[in-house]
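Descriptive structure summary
Each chain, written out:
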Amino acid sequence: GVDGFYLPGLAPVNFCEDDKPTETCKSSVKLFVNRLDSEESVIPYEYSHFDFCQPPDVSDSPVENLGQVVFGERIRPSPYNISFLRQEECKPLCHKSYDLGSKKDVDLLNGLMKGMLKNYQHHWIVDNMPVTWCYPVEGEQQYCSVGFPVGCYVDSQGTAKDACVMNVLYNKADTFYVFNHVDITITYRSGENEAWGVGFGDKGGRIIAVKVVPRSIKHTKMPSLKASECGPNSPPMEISGKLSKTDKMDVYYSYSIYFTRDYTVKWSSRWDYILESMPHTNIQWFSILNSLVIVLFLTGMVAMILLRTLHKDIARYNQMDSEDDAQEEFGWKLVHGDVFRPPHRSMLLSVFIGSGVQVLCMTVITLFFACLGFLSPANRGALMTCALVLFTCLGTPAGYVSARIYKAFGGYKWKLNVLMTSLFCPGIVFSLFFVMNLLLWAKGSSAAIPFTTLIALLALWFGVSLPLTFVGAYFGFKKRTIEHPVRTNQIPRQIPDQSVYTQPMPGIIMGGILPFGCIFIQHKKWRSYLTSGFTSFYLFVYCIHYFMTKLTITGTVSTLLYFGYTLIMVFLFFLLTGTVGFFACFWFVRKIMSQQFQLTLFTTVVH
């Protein structure tokens, strides 16, 4: 037989009609609401921030994991009442009344209008799957978005914005159209003739898609389950951009539920229609091959230059005729006495290398688990939770590598090295994160991390990561000092004048342009680290370009948040690429110097 298991949060759920509930199926289809966000603002808000219909009880809200809280997800129950296979049309939800003479009502209405102006999007969840809004795009394609708008706006010139372009009825200048009605279509795979459908058959099934069509309907009274009250040509619910204090307004919310059966899609493939409809989700084989060819070409070109230089040096060594010639220094011998000289600020470099190893290991392990399917999008927040936990637990290799490198540099302040390894780079990230969290707190955003979660993060940092770093550093300092293949001269060799492009800064700037700029071998420790790490600067430049040309973010706070999160990403990328560059150069130079030392020793003995 074959044994199988379901990953946490990924097990299928069976649904059946009200009069057919069993232990293996449920009749109530729960719809959960999540945070609302916008492409014009990176400040998300909880569902209750806007004046929507609220559920009578929020005590059964799902418990968010650490990753969900950090991402700002706030999943709450909704007021929508859905029973499996029960179709209902124009069902009333709630009534909102606004008296513009009341400051409270004005604030609530202004908040709703601001949400429509900035195109804030609902994010609903049914059966652990996003509710999608599908609409036609160019090329007779259909795009399915995992969110749908609160409403839309037609500006004072009569130009329809965002979702208003999809309906000719939304045409009045300087007017907001709130989407107070939704048509929800639930597609399911019937349990008929299925092994898992025993007990309910065609009276039940598994949900494979939930789609919504938002509409604006001007109800004059609470709907009474009549389809004509929510017809496709119903007049829209208009909110004028210019309202007087004597105005009053009533907004009635409603919804319709439809069920459709589909035998062609299996439950395990229910995410496919979302992924296939999104642009640029296909594997870009041409881009991958193009990048691969460029990297291989550049690597081969540099390898040929190095091999040619080494071949000349070896040939010259073989042609030496006397002991005096053997003692003459040229080629790689010119730097053998300085190549392993400890760099300036060796403490800081060893700290960066240790933290880079921590980030590199975290990235590799996270990608490994993601490839195995443990970090599926259905398992919400799992990716961020995994990354945070791994970064915390990988303090041991960070402390070990930092200690060994620092000891090889001749350092002796091991306590300071351990403290800086565990506090310096994480402290930079946490400081940026905390400042942005203060901005989110001030804006009342759902992305603001609660105080208790901050305490939990600090507990992980100081209670787990810091001790593990000490453990790694203890074993790192106990190990023997890394022995270099050649000695280091007591007096540094004078460096001759260099051309502009071979000086440190120009070399670092030019080297960072190329993927894995570390293939340009330098015997300077800092230079090898910064040359490859400078790739992060070009990543930052691209983020600025993307912000200016692709995004529509407005507002000072939103801009600060965008660049704050960008700086965190760029700094981590700097640690990762710099560490890869350092170890690549360190290994290569040790290999070359050991071979050169053996060749010199052999030549001396022969002569």
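This structure is a prediction, so every number in the text was calculated from the model and none was measured.

Quick notes on the rules
Residues numbered from 1 in each chain as written. Predicted model: local features only at pLDDT ≥ 70, side-chain atom pairs only at ≥ 80, totals over all residues. Heavy atoms only, no water. Helix = DSSP H or I, 4+ residues; strand = E, 2+ residues; numbered from the N terminus. Areas by Shrake-Rupley, 256 points an atom, 1.4 Å probe, with all protein chains shown as cover. Disulfide = S-S within 2.5 Å. Buried < 20%, exposed > 50% of the residue type's maximum accessible area, 1.4 Å probe, protein only. Phe/Tyr/Trp six-rings, centres within 6.5 Å; stacked < 30°, edge-to-face > 60°. Lys NZ or Arg CZ within 6 Å of the ring centre and 35° of its normal. Axes fitted to C-alpha atoms, helices over the stretch in contact; angles between N-to-C directions. Left-handed = near helix turned anticlockwise from the far one by under 90°. Contact = heavy atoms within 4.5 Å. Nonpolar A, V, L, I, M, F, W, Y, C, P; charged D, E, K, R; others polar. Pairing = 2+ DSSP bridges. UniProt positions renumbered as here; feature names shortened; annotations may be inferred. Expected span 1.5 Å × (residues − 1). Arc of directions from axis to C-beta. Patch = residues over 30% accessible without salt bridge, like charges linked within 9 Å, V, L, I, M, F, W, Y side chains within 5 Å. Salt bridge = Lys/Arg side-chain N within 4 Å of Asp/Glu carboxyl O.

Concerning the overall build of the chain
Scanning the chain from N- to C-terminus turns up 14 helices and 20 strands. On the chain, roughly 32400 Å² of surface is accessible, and the fraction owed to carbon and sulfur atoms is 62%.

Things to note about the state of the cysteines
Under the counting rule described, the total for this entry stands at 5 disulfides. There is a disulfide in this structure between C53 and C94, and the S-S distance comes to 1.7 Å. Its S-S torsion of about -70° marks the bond between C53 and C94 as left-handed, since a negative value means left-handed. Of the two residues, C53 is situated in the loop between β5 (41–45) and α1 (66–71) and C94 in strand β8 (residues 88–99); the sequence distance between them amounts to 41 residues. A relative accessible area of 14% places C94 in the buried class. Note on cysteine connectivity: C152 is disulfide-linked to C164, with sulfurs 2.0 Å apart.

Some details on the packing of aromatic side chains
Across all of its chains, the model carries 39 aromatic pairs by this definition. Ring centres of Y45 and Y120 lie 5.8 Å apart, and the angle between their planes is 50°; on these two criteria the pair is classed as tilted. One end of the pair, Y45, is in strand β5; the other, Y120, is in the loop between α2 (103–117) and β9 (121–122), with 75 residues separating them in the sequence. A residue is classified by how much of its surface remains accessible, and Y45, at 6% relative accessible area, is buried. Arranged with centres 5.8 Å apart and planes meeting at 90°, the rings of F352 and F574 form a pair that is edge-to-face. Taken together, the residues span a long stretch of sequence, with F352 in helix α6 (residues 346–371) and F574 in helix α14 (residues 556–606) at a distance of 222 residues. Look at F574 and you get buried, because its relative accessible area is 16%. Ring pairing ties together the aromatic residues Y45, Y47, F50, F52 and Y120, which thus form one cluster. Its guanidinium or amino end placed over the ring of W196, R206 lies 4.2 Å from that ring's centre, counting from NZ or CZ.

Observations regarding the packing of α6 against helix α7 (residues 382–393)
Closest axis-to-axis distance for the α6/α7 pair is 9 Å, and the angle between their directions is 140°. At the point where α6 passes α7, the crossing takes the right-handed sense. For the pair α6 and α7, contact is made by Q358, V359, M362, I365, T366 and F369 and by L383, C386, A387, L390 and F391, respectively. Of the residues assigned to the contact of α6 with α7, the class counts are 9 nonpolar, 2 polar and no charged.

Some remarks on the sheet that holds strand β6 (residues 76–77)
Taken in spatial order, the 4 strands make up an open sheet running β6-β3-β10-β11, and their pairing is antiparallel. The two strands at the open ends of the sheet, each matched to only one other strand, are β6 and β11 (129–130). As defined by bridge partners, strand β3 (residues 31–33) adjoins β6 across 2 bridges and the pair is classed as antiparallel. Bridge assignment links V33 to a residue of β6, and that residue is R76.

Overview of the UniProt feature "transmembrane region" (unreviewed entry) in the chain
UniProt records the feature "transmembrane region" (unreviewed entry) for residues 285–307, 348–375, 381–406, 418–442, 454–477, 529–548 and 560–589 in the present numbering. Along residues 381–406 the backbone is 92% helical and 0% strand, and the end-to-end C-alpha distance reaches 37 Å. Between the first and last C-alpha atoms of residues 560–589 the distance is 42 Å; the span itself is 100% helix and 0% strand.

A closer look at helix α13 (residues 535–549)
In this model, α13 (15 residues) spans 21 Å end to end at C-alpha, consistent with the 21 Å of a helix rising 1.5 Å per residue. Along α13, the residues classified as buried are T535, S536, C543 and F547. Down the axis of α13, the buried side of the element spans an arc of 130°, and every buried residue falls inside it.

Comments concerning a nonpolar patch on the surface
Residues F434, L438, W441, F451 and I455 make up a contiguous nonpolar surface patch of about 480 Å² in total accessible area. Elements supplying a minimum of two residues to the nonpolar patch: α9 (414–443) and α10 (451–478). It is α9 that provides the largest number of residues to the nonpolar patch, a total of 3 residues. Within the secondary structure, L438 sits in helix α9.

Description of the sheet that holds strand β17 (residues 181–190)
Paired through their backbone hydrogen bonds, the strands of a sheet run either parallel or antiparallel. Taken together, the 5 strands give an open sheet; going across it, the order is β1-β18-β17-β20-β8, and neighbouring strands pair in mixed fashion. Only two strands of the sheet have a single partner each, and these edge strands are β1 (15–16) and β8. The pairing of β8 with strand β20 (residues 248–261) spans 9 bridges and is classified as antiparallel. Within β20, the position partnered with E88 by the bridge is I257.

Observations concerning the pairing of β5
Burial runs high along β5: 4 of the 5 residues are buried. The sheet contact formed by strand β4 (residues 36–38) and β5 spans 2 bridges and is antiparallel. In the strand pairing of β5, L36 is matched with Y45. Between β4 and β5, which follow one another and run antiparallel, lie 2 residues.

Considerations on helix α12 (residues 525–533)
Across the 9 residues that make up α12, a large majority, 8, are buried. Buried within α12 we find K525, W526, R527, S528, Y529, T531, S532 and G533.

Focus: the environment of N128
Relative to the helices and strands, N128 is located in the loop between β10 (124–126) and β11. Taking the C-alpha atoms as reference points, N128 and P12, separated by 116 residues in sequence, lie 9.6 Å from one another.

As for the environment of M569
Mapped onto the elements, M569 comes out in helix α14. When the C-alpha positions of M569 and L539 are compared, they lie 9.4 Å apart, and in sequence the two are 30 residues distant. Residues within four places of M569 in sequence aside, it is in contact with L539 and C543.

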